[in-house]
Amino acid sequence: MVYAKKVETEKENEDAIKIRRKVFVEEQDVPLHLELDEFDAEAVHFVAYDGDTPFGAGRIRVIEPGIGKVERVCILPGYRGKNLGNLMMQCMEDYSISSGINKLKLNAQSQAILFYEKRNYTISSPEFLEAGIPHRAMEKQIK
């Protein structure tokens, strides 16, 4: 069974961190101190599983009343191209709506912009570098 959920246990948190390290630190060469940052403690974390095997992660943090920021969304390479990023994002958006968040913002890697546009996010900035990777800010009204 494939599913995504809000992190509720220490093991789920460890699984989410493990996925983030594999994708961002090992695959994309993001320095560990930038990937695991001071916002991890305040963020709500999410993890996706194929049975007992974690394959996706992400987090949301409230940046001002009613506005959340989606961050660190990632899927392991072997699970990409199977619509599982949408599963992860839907879980995070559903949580946001139920938590009183009505607008989501994110910084999308430029290569992922089309993915977010298909989920009705709109570009709200020129391209910029974050951890040496081109990004664009995007946002979506969810409620």
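About the criteria used
- Residues numbered from 1 in each chain as written.
- Predicted model: local features only at pLDDT ≥ 70, side-chain atom pairs only at ≥ 80, totals over all residues.
- Heavy atoms only, no water.
- Helix = DSSP H or I, 4+ residues; strand = E, 2+ residues; numbered from the N terminus.
- Rg over C-alpha atoms; globule rule 2.2 N^0.38 Å.
- Buried < 20%, exposed > 50% of the residue type's maximum accessible area, 1.4 Å probe, protein only.
- Contact = heavy atoms within 4.5 Å.
- Areas by Shrake-Rupley, 256 points an atom, 1.4 Å probe, with all protein chains shown as cover.
- Lys, Arg positive; Asp, Glu negative; His and termini not counted.
- Charge placed at Lys NZ, Arg CZ, Asp CG, Glu CD.
- Disulfide = S-S within 2.5 Å.
- Polar contact = N/O pair within 3.5 Å; in protein donor to acceptor, adjacent residues only side chain to side chain.
- Phe/Tyr/Trp six-rings, centres within 6.5 Å; stacked < 30°, edge-to-face > 60°.
- Expected span 1.5 Å × (residues − 1).

Caption draft 1: Spotlight on the overall build of the protein chain. Each helix and strand counted, the protein chain has four helices and eight strands in total. Reading the helices (α) and strands (β) of the protein chain from amino to carboxyl end gives β-α-α-β-β-β-α-β-α-β-β-β. Since a compact globule built from 143 residues should have a radius of gyration of about 15 Å, the 14 Å found for the protein chain is in line with a globular shape. Its C-alpha atoms give the protein chain principal-axis dimensions of roughly 35 × 35 × 30 Å. Expressed as a percentage of its 143 residues, the buried residues of the protein chain come to 46%. Taking the intrachain contacts of the protein chain between residues at least 6 apart in sequence as the baseline, contacts between residues at least 24 apart amount to 59%. Of the roughly 7,400 Å² of accessible surface on the protein chain, a fraction of 52% belongs to carbon and sulfur atoms. In the protein chain, 20 positive and 23 negative side-chain charges are present, and the distance between their average locations comes to 4 Å.

Caption draft 2: Main features of the state of the cysteines. Under the definition given, this model contains zero disulfides. Just so you know, cysteine 74 is unpaired, no disulfide at all, and the nearest cysteine sulfur is the one on cysteine 91, 14 Å from it. Taking the relative accessible area as the measure of exposure, cysteine 74 reaches 3% and is therefore buried.

Caption draft 3: Spatial organisation of the environment of glutamate 130. For glutamate 130, the position within the fold is in strand S7 (residues 128-130). On the accessibility criterion, glutamate 130 (31% relative accessible area) is partly exposed. In the structure, glutamate 130 is positioned 44 residues away from asparagine 86 in sequence and 23 Å away in space, judged by C-alpha atoms. For glutamate 130, the contacting residues outside a window of four places in its chain are Asn107 and His135. At 2.9 Å, the side chain of glutamate 130 and the side chain of asparagine 107 are in polar contact.

Caption draft 4: View of the packing of aromatic side chains. Summed over the entire model, instances satisfying the criterion amount to five aromatic pairs. Seen from their ring centres, phenylalanine 46 and tyrosine 95 are 5.4 Å apart, and the 70° between their planes marks the pair as edge-to-face. Separated by 49 residues along the polypeptide, phenylalanine 46 in strand S2 (residues 44-50) and tyrosine 95 in helix H3 (residues 84-98) bring together distant segments of the chain. On the basis of relative accessibility, which here comes to 23%, the residue tyrosine 95 falls in the partly exposed class.

Caption draft 5: Molecular detail of H3. Over its 15 residues, H3 extends 21 Å from the first C-alpha to the last, a length consistent with the 21 Å expected when each residue adds 1.5 Å. Among all positions in H3, only Leu84, Gly85, Met88, Met89, Cys91, Met92, Glu93 and Ser96 are buried. Of the residues one or two after H3, glycine 100 is the one with positive phi, at around 85°.

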